[in-house]
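# Notes for the structure review
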Amino acid sequence: MTDADTTSTPGSTDSSTAEESAPSVDDLGLARRLEGDVTAIGAVDAPVVMIEYADYRCPFCGIFARDTMPDLMTEYVDSGLLRYEWRDLPVFGDESVQAAVAARAAGAQGRFWQYHSAVFAAAPERGHLAIDRATLMEFAEQAKVPDLAAFERDLDDPVHRAAVQVDASQAQQIGATSTPIFMIGTTPVLGAQPLEAFRQVIDDEIALAAGH
């Protein structure tokens, strides 16, 4: 199980080849569209849902989070056209699981995305971020998690670990074994593709959702 190659350009990124009858993430029951979901950003009723299956220790996931996601947020999420939903797919061992649990522990105090950003800001472009208890606490401080004692207790909360496993099980059901993998409407995208590749797919999916 390895990262998806950032330079790969699988045919699946070309949404023009998708049949109009292809099932979307909504049709497949993958999109959650839950109000108040701390692991999602954007309008619940956005026309298109983009799901990312990712690992906090995946270097290519870090590249996407730092270099591409901010532009997509500004261009599509903030305008109500796209909803982004995160899914944990910890493929690099228990340290990855620990990071995923920690992000959810931060999310319990309303700081999920700040924690997400802190982890990926520290992630190397090659290799895997080393994770231990002290590191998780440092990220919590950077993310300004208000109650660090409660955060540390939540690192051992089986509810958070179970939620990570639910995401991982969903990924396995659709055959996702590497990271990052994206499902955008009806179109899968493999790897941290260039921004323009995401724009093309999202624009096509928005047009499809509008019946154009």
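One can find the structure itself at the top, above this paragraph.
The present account deals with the structure reproduced in this document. (Residues numbered from 1 in each chain as written. Predicted model: local features only at pLDDT ≥ 70, side-chain atom pairs only at ≥ 80, totals over all residues. Heavy atoms only, no water.)

## Some details on the pattern of salt bridges
By the definition in use, this model includes 12 salt bridges. Between glutamate 85 and arginine 83 there is a salt bridge, and its shortest N-O distance comes to 2.9 Å. Each member of the pair, glutamate 85 together with arginine 83, is buried. For the salt bridge of glutamate 152 with arginine 133, the shortest nitrogen-to-oxygen distance reads 3.7 Å. (Salt bridge = Lys/Arg side-chain N within 4 Å of Asp/Glu carboxyl O. Buried < 20%, exposed > 50% of the residue type's maximum accessible area, 1.4 Å probe, protein only.)

## Thoughts on the side chain of histidine 116
Tracing the chain through its elements places histidine 116 in helix 3 (residues 112-122). A relative accessible area of 2% means that histidine 116 is categorised as buried. Among all residues touching histidine 116, those that are not within four sequence positions of it are Tyr56, Ala65, Met69 and Trp86. (Helix = DSSP H or I, 4+ residues; strand = E, 2+ residues; numbered from the N terminus. Contact = heavy atoms within 4.5 Å.)

## A few points about the packing of aromatic side chains
Each aromatic ring pair is characterised by the separation of its centres together with the angle its planes make. A complete count under the given rule lists 10 aromatic pairs for this structure. Seen from their ring centres, phenylalanine 64 and phenylalanine 198 are 5.2 Å apart, and the 50 degrees between their planes marks the pair as tilted. Here phenylalanine 64 is found in helix 1 (residues 59-77), whereas its partner phenylalanine 198 is found in helix 7 (residues 195-209), with 134 residues between them in sequence. Judged by relative accessible area, which is 0%, phenylalanine 198 ranks as buried. (Phe/Tyr/Trp six-rings, centres within 6.5 Å; stacked < 30°, edge-to-face > 60°.)

## Here we look at the packing of helix 3 against helix 4 (residues 133-142)
Helix-helix packing is described using two parameters, namely the angle between the two axes and the distance between the axes. Interaxial distance between helix 3 and helix 4 falls to 8 Å at its minimum, and their mutual angle equals 120 degrees. Of the possible angle classes, the one that applies to helix 3 and helix 4 is oblique. Our pair here, helix 3 against helix 4, has a crossing hand that is right-handed. Contacts between helix 3 and helix 4 pair Tyr115, Ala118, Val119 and Ala122 from the former with Leu136, Phe139, Ala140 and Gln142 from the latter. Looking at the contact of helix 3 with helix 4 residue by residue, the class counts come to 7 nonpolar, 1 polar and no charged. (Axes fitted to C-alpha atoms, helices over the stretch in contact; angles between N-to-C directions. Parallel < 35°, antiparallel > 145°, perpendicular 65-115°, else oblique. Left-handed = near helix turned anticlockwise from the far one by under 90°. Nonpolar A, V, L, I, M, F, W, Y, C, P; charged D, E, K, R; others polar.)

## With respect to the environment of threonine 186
Relative to the helices and strands, threonine 186 is located in the loop between strand 4 (181-184) and strand 5 (187-190). Taking C-alpha positions, threonine 186 is 4.0 Å from serine 24, a pair spaced 162 residues apart along the chain. Only 2.6 Å separates the side chain of threonine 186 from the side chain of glutamate 205, close enough to count as a polar contact. (Polar contact = N/O pair within 3.5 Å; in protein donor to acceptor, adjacent residues only side chain to side chain.)

## Description of the pairing of strand 4
Across the two faces of strand 4 the burial is the same, with Ile181 and Met183 and Phe182 and Ile184 all buried. Where strand 2 (residues 48-54) lies against strand 4, 4 bridges are found, and the strand directions are antiparallel. Note on strand 4: the bridge partner recorded for methionine 50 is isoleucine 184. Pairing geometry for strand 4 and strand 5, over 4 bridges, is antiparallel. Looking at strand 5, one finds that phenylalanine 182 is bridged to valine 189. (Pairing = 2+ DSSP bridges.)

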